[in-house]
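# Descriptive structure summary
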Amino acid sequence: MNYRKLGKTNFNISEIALGTWQVGGKWGSPFNDKSADELINTAIDNGVNFIDTADVYENGLSETAVGRVVRSRSERIYVATKCGRHINPHVSEGYQTKVLQKFVEDSLKRTGLETLDLIQLHCPPNAVFYRPEIFELFDRLKDQGKIQNLGVSVEKVEEGIKAIEYSNVTTVQIIFNAFRQRPAELFFKEAQKRDIGIIARVPLASGLLTGLFDSKTTFGSQDHRNFNRNGEAFDKGETFSGIDYELGLKAVEALKALFPGTTNLAPIALQWILSFDAISCIIPGASKESHVLSNLSVYDLPQLTPEKISAMNAIYEQYIKPKVHQLW
């Protein structure tokens, strides 16, 4: 495992981390304590020391599992969680300091941790980024020892750029992968100027970039890859990175032609992300131990050559960029 600095938090974290939406979220399978514990322990056993969760993942069960496992380990494991998506309707007016403080305190109870290493506003409405009182709250929570750092998870590049104007924002979690390249332009430059840790989420485009799906692949009724393809439940960009599924399959076939004989493109897709120095870590999800090991097999491959990276980018330019580049 390789480690990178998480911006001005100064945490030295595993560049391949663990996202736990699948541990307790809309991925078509019920939550299971035993499997959750097994996959989190597998990640830690293999050098992962940064775990990302959220209070809405299976209504807190993901946070509970993460806290339970982390407390049982002797290693220093950094825990990041998120708050705000419980607000319903999810509008700026619902973001109130008392409400957010209660969310933080509830996360502390569920995880059983004394302090949260990183609390992130969970894709708040755009108007929230123009309310300084919301961001000031987290300075008080830090003074009280309830949190160590504040970050944000965003949908759009513009939201990330606005968020890092606040001096107490230390990290930005943003969708970034070979099919979602816009953040590498202006946002990465601005974030590096301010020593912001960048956490790459949805790195495999909801599994599309594994190369394991085809036009006959089906997803369960409770799987967001079934019910949210057009943004019916939340931002469309969260599902397959906002790309039309059939178009995505065509682009994946072009990627396969670049790497003949490769059955699982996931490690290659992760390598592409890690080629950017601005990235602090990637948080691929996993619903079973084999997914964790697949993500970590990035270290078993030879490093991507500049020629291969250029060819991957050309596929984005041809298939993906005209459809989605300016949307997020």
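Residues numbered from 1 in each chain as written. Predicted model: local features only at pLDDT ≥ 70, side-chain atom pairs only at ≥ 80, totals over all residues. Heavy atoms only, no water.

### Considering the pairing of strand β7 (residues 150-153)
For clarity, the cut-off: Any residue under 20% of the maximum accessible area for its type is buried, any over 50% is exposed, and the rest in between are partly exposed; the area is computed with a 1.4 Å probe on protein chains only. Only DSSP runs of H or I covering at least 4 residues are called helices, and only runs of E covering at least 2 are called strands; the numbering of each starts at the N terminus. Place the viewer so that the strands point away; then a crossover is right-handed whenever the path from the first strand over the helix to the second strand goes clockwise.
Side chains Leu 150 and Val 152 project from β7 onto one buried face, and the interleaved Gly 151 and Ser 153 project onto a second face that is buried too. For the crossover that starts at strand β6 (residues 118-122), traverses helix α4 (residues 132-143) and ends in the parallel β7, the hand is right-handed. As for the winding sense of the linkage, the β-α-β connection from β7 through helix α5 (residues 157-163) to strand β8 (residues 169-175) is right-handed.

### With respect to the packing of aromatic side chains
Two aromatic rings, taken as a pair, are described by how far apart their centres are and by the angle between their planes. This is how it is decided: Any pair of Phe, Tyr and Trp rings, taking the six-membered ring for Trp, is counted once the centres come within 6.5 Å. Such a pair is stacked with planes under 30 degrees apart, edge-to-face with planes over 60 apart, and tilted for the rest. Criterion for a charge above a ring: Arg CZ or Lys NZ at most 6 Å from the ring centre, at most 35 degrees from the ring normal.
Across all of its chains, the model carries 16 aromatic pairs by this definition. Their ring planes at 5 degrees and their centres at 3.9 Å tell us that Phe 135 and Tyr 166 sit as a pair that is stacked. You can see Phe 135 sitting in helix α4 and its partner Tyr 166 sitting in the loop between α5 and β8, a full 31 residues away along the chain. The exposure classification of Phe 135 matches that of Tyr 166, with both residues buried. Linked through ring pairs, Phe 176, Phe 187, Phe 188, Trp 272 and Phe 276 together constitute an aromatic cluster. Above the ring of Tyr 245, the side-chain terminus of Arg 229 is found at 4.4 Å from the ring centroid. Looking at Lys 308, its charged tip hangs above the ring of Phe 259, at a distance of 4.8 Å from the centre.

### Section: helix α1 (residues 33-45)
For the record, the criterion: For a helix, the expected span equals 1.5 Å multiplied by the residue count minus one. The contact definition used throughout considers only heavy atoms, calling two residues in contact when any of these lie within 4.5 Å.
Between the first and last C-alpha of α1 there are 18 Å, a value that for 13 residues agrees with the 18 Å anticipated at 1.5 Å per step. Among the residues of α1, those classed as buried are Ala 36, Leu 39, Ile 40, Thr 42, Ala 43 and Ile 44. Packing partners of the buried residues in α1 comprise β3 (18-19), β4 (50-52), α2 (61-72) and α10 (289-296). Gly 47, located one to two residues past α1, shows a positive phi value of around 100 degrees.

### Some thoughts on the environment of Ser 72
Inspection of the secondary structure puts Ser 72 in helix α2. On the basis of relative accessibility, which here comes to 55%, the residue Ser 72 falls in the exposed class. Along the sequence, Ser 72 and Asn 41 sit 31 residues apart, while their C-alpha atoms lie 9.7 Å from each other.

### Details of the sheet that holds strand β10 (residues 279-282)
Our working definition: Paired strands, as defined in this entry, are two strands with at least two bridges between them according to DSSP. Convention adopted: a line fitted to C-alpha atoms gives each axis, helices being fitted over their contacting stretch, and angles between N-to-C directions are expressed from 0 to 180 degrees.
Sheet architecture is open: 8 strands sit in the order β3-β4-β5-β6-β7-β8-β9-β10, paired in parallel fashion. Looking at the sheet topology across the chains shown, the edges are occupied by β3 and β10. Note: β8 against strand β9 (residues 197-201), 5 bridges, orientation parallel. Following the sheet pairing, Ile 174 is matched in β9 by Ala 200. Running over the sheet, α4 touches β6, β7 and β8 and is turned about 165 degrees from β6.

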